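Observations on chain architecture
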Amino acid sequence: MKVAVALLIVGAAAAAGALFPSASAPQERRIKMTARQYAFDPAVLKVNKGDTLRLRITSLDVTHGFFLEAFDLKVAIIPDSPYLEVSHPSRPDEAPKKVEELVFVADKAGKFRYRCSRTCGSMHPFMQGELVVAPNRLLGGGLGGLLGLLFAGAFLALRRSAATP
Amino acid sequence: MISKRDELLSGFLVLAVLAGIPWWVMRQERSANAVPDGANVHVINLTAVADGGIYTFEDMVGHNYWRRRPVVARPVVRVGEKVLFRLRSADVTHGFSIPELQVGPIYIEPGSVTEVRFEPSEPGQYLIQCTFRCGGCHEEMFAILEVLGPHGEPFPEDMRLKLPPRVKCPLRDC
Amino acid sequence: MNGSPASKGIDLLRAVPGLKWLLTRRWFQFAVVLPNLAFFYFFVIAGVFGSPVGSRNISIIFVWILWWFLLIAVMVPLASRVWCTVCPIPFFGEWYQRRALIGVRVGKPGVGRNQMAGFNKRWPKALSNIWLQNFSFLLLCTFGVALITRPIVSALVFAGLVGLATALHVVYRQRAFCSYVCPISGFLSLYSMCSFIEIRSEDPDTCARCTDKACLAGGDAGWGCPWNVNPSKLDRNNYCGLCTECLKTCTHDNMTVRARPFCSDTRLKGYDEAYKAFIMISLALAYSVVLMGPWGTIKDWANPTERGRWGGFALYASALWALALVIVPALFYAASRLGRRFAGATHVPMKEIFLGFSGVLVPLGLMAWIAFSIPLILVNGSYIINVVSDPMGRGWDLLGTARFPWTPFYPQSAPYLQVPVLFIGLYYALRSGDGFARSAFGAGPAAAKGAAPVAILSTAVACGFLWLFVG
């Protein structure tokens, strides 16, 4: 019985946390991004679900890549070139398209990382940025759940000490 | 309780590992570098290095890559030879092109060997250049391919190439 | 509260057919170490003679992606210090000491009943703790970027550890390197407390009646415990390297391997162990920020040998050392002291309270490290495929997969895996804190009040990691 209440506390806190984040109405965002050894700038993009993102990415030194997880996008950023070469990992046989800006809709909420996909030096595997698409329900739910765990623990401890003579 | 047989057998296995693995590595290297019709082909191994913008004959590996800049290669071939360039990169993607001989431009990816074949027909000095932005020294990443006559005769003086002096990425003395 | 000799659990030597037979063979350790020796020998060769590009070299991919993930997420939680069972680092040193790979020598000179070569000096008492390992690991990780991105550094460190272990084993008795110097051993000792398995004596009465103590002193059937713990008195996993000698040596067949509940060992016994916990959680934070974060400036600071920003490096290193050695310990000290006051137990020595509550960082730290390692394997695991065909980045193609492209494996799923992992960490941390509070402050309401500050601090730490990974 106590355990059931404890689980309920955790679940409720997680649910409350997950419902808490909100997002604004979708809009169009034009973003100029640079890539260098070993970071993207801006390193964190905070957008809303449904936003249309138009990215112009340039490299400040060597060739970099831009691999955005969950969005099936892999882009080559070649220095001194006005074009980005966009390809899709799910369609590897397709030839890359040359575009001036990368356009896509942030149709999924959550935190997604974009990574360099062209070996550019020693810290290449750790060259990454973050696209945070509101509402980030996993964050809210996770934080709520952890706090719920604390409260559930307190509840169980207090019930147990109340039962102890 | 020592069983001499067990100890000899296990000791032998250890020595087999210590000797066997380098032997296996060298065997794999030999077979990976083997060239079909190898006797008739002039194989030139070049490694591209971003730090310094250098094409070198030196094998750039763990123990020497970070120590110093390698010596720039000056490959020498003859008219009529079948030339095979086996190209490696020690760090990032490089390009390779000998525009006057219509060789390349091709990419040299790190961790694999890129091959390009051609047969030179005119003696002279030809420019090898990197065609893929590889770092701060990319604009100065050149080498000279020397083509001698079919029997090793020197090339005509008007085919001599003068490379622009290196400013950003000076080379060490040979 | 630790897994005591008579703890509950499943006797695996009885439950798993063939396991007892296997673990009691004299050739067992040799059979599992030799392949590992071959692998790591090859990794050193690949690091020295192979491509400098980390992602094309087996010494980086197999060690820092595959081995690291398996170690922290599989081996330690499931099988305690099983890495030490198969570790090739002390191989040559131990071969020298024992002058045997399979058999056992009895006689003098030696240690206990076993004849052992070398000077057999006792390790200095002042260093008979994990302080050396605490600092060596912190130092290694401060330069961690060079270690995990440059094959030559990994190769030199590994070869260096083998050399050091061999030298120490010529001078000192038994596994002195493993027990007191090895940087890996330091954190394995801490996190093995959470593991699902343990080696313990079966029947404590048998041990009480035993006169020859072959498990420690050695005998005809096996070497005395090379880790110099008394197997008959083992009540924690920390310093048992799972070498399985005691299973063979015990003349009463009274040692066994047991499966037990997760995080059964909860008590830290010294400041060195508490500081290991502080150092490890701080490093988990540092690595999550530097490697998994988006902040390029901090990455530059942590990579001075390439980027040249030594001023930034000094700042980064100082911040890391301050966090690990001052800030985190101070926060836990404050929370422990506050808890003692709330519990009305100011008569209890602070050392006991501090060490007791620091134990919460064992499950929390282990889970934070596992959470950090999840994206590492999902994003970079595909390099394993190309590297098995071309391990040295020399253009080989052993299995036809040398050109396999970098293919992250559902990297967007990482946050959904990290959240439950952090949950598990906090759950066991709260449980550990609560268990200690009850033992220190009694079973009444004082326990809940006493545990509260550390519980809140642990929750804050877990939330911090969650925000880093998911927010």
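Residues numbered from 1 in each chain as written. Chains lettered and ligands numbered in written order. Predicted model: local features only at pLDDT ≥ 70, side-chain atom pairs only at ≥ 80, totals over all residues.

Regarding the overall build of chain B
Within chain B, the secondary structure is distributed over two helices and nine strands. When its helices and strands are written in sequence order, chain B yields α-β-β-α-β-β-β-β-β-β-β. Its C-alpha atoms give chain B a radius of gyration of 21 Å, clearly above 16 Å, the size a compact globule of 174 residues would have. Overall size of chain B, expressed as C-alpha extent along the three principal axes, is 80 × 40 × 30 Å. Across chain B, every contact between residues at least 6 apart in sequence was considered, and the portion connecting residues at least 24 apart equals 62%. (Helix = DSSP H or I, 4+ residues; strand = E, 2+ residues; numbered from the N terminus. Rg over C-alpha atoms; globule rule 2.2 N^0.38 Å. Contact = placed C-beta atoms within 7 Å.)

A few points about the domain arrangement of chain C
Residue and element names in this part refer to chain C. You can read the domains of chain C as domain 1 (10–259) and domain 2 (277–470). The C-alpha centroid of domain 2 is placed 25 Å from the C-alpha centroid of domain 1. With 29 residues of domain 1 in contact, the opposing surface of domain 2 contributes 29 residues. Elements represented by at least two residues in the side of domain 1 that touches domain 2 include exactly α3 (28–49), α4 (58–79), α7 (131–142), α8 (144–149) and α11 (183–191). (Domains from an automatic or database assignment.)

A look at the sheet that holds strand β4 (residues 197–201) of chain C
Residue and element names in this part refer to chain C. With respect to topology, three strands assemble into an open sheet ordered β1-β5-β4, the strand pairing being antiparallel. With one partner strand each, in any of the chains shown, β1 (10–11) and β4 form the two edges of the open sheet. One ladder, built from five bridges, connects β4 with strand β5 (residues 255–259); its direction is antiparallel. Bridging from a neighbouring strand, S201 pairs with M255 of β5. (Pairing = 2+ DSSP bridges.)

Details of the interface of chain A and chain C
The partner chain C presents 41 residues to the 36 residues of chain A that form the contact. At the level of elements, β10 (110–115), β11 (128–134) and α2 (137–163) of chain A are the ones that each hand at least two residues to the side of chain A that touches chain C. Ranked by residues supplied to the side of chain A that touches chain C, first place goes to α2(A) with 14 residues.

Let's talk about the nonpolar core
Core analysis: the biggest nonpolar cluster contains 219 residues, and C:I281, C:L364, C:A371, C:L422 and C:L426 have the highest contact counts within it. Residue contacts for C:A371: discarding those within four places in its chain leaves C:Q418, C:V421, C:L422, C:F465 and C:F469. (Core = buried A, V, L, I, M, F, W, Y, C linked by C-beta atoms within 7 Å. Buried ≥ 20, exposed ≤ 12 C-beta atoms within 10 Å, placed from the backbone.)

Thoughts on the sheet that holds strand β1 (residues 41–49) of chain B
Residues and elements named next belong to chain B. Taken in spatial order, the four strands make up an open sheet running β2-β1-β4-β7, and their pairing is mixed. Each end of this open sheet is capped by a strand with a single partner; those strands are β2 (54–56) and β7 (114–118). Across the sheet, the axes of successive neighbouring strands diverge by a mean angle of 25°, strand direction being ignored. Relative to β7, strand β4 (residues 82–89) is paired through five bridges, and the arrangement is antiparallel. If you follow L87 over to β7, its bridge partner there is T114. (Axes fitted to C-alpha atoms, helices over the stretch in contact; angles between N-to-C directions.)

With respect to the confidence of the model for chain C
Per-chain confidence: chain C averages 95 in pLDDT, with 99% of residues scoring 70 or above. The complex model carries a pTM of 0.95, and its ipTM stands at 0.95. (pLDDT = per-residue confidence, 0-100.)

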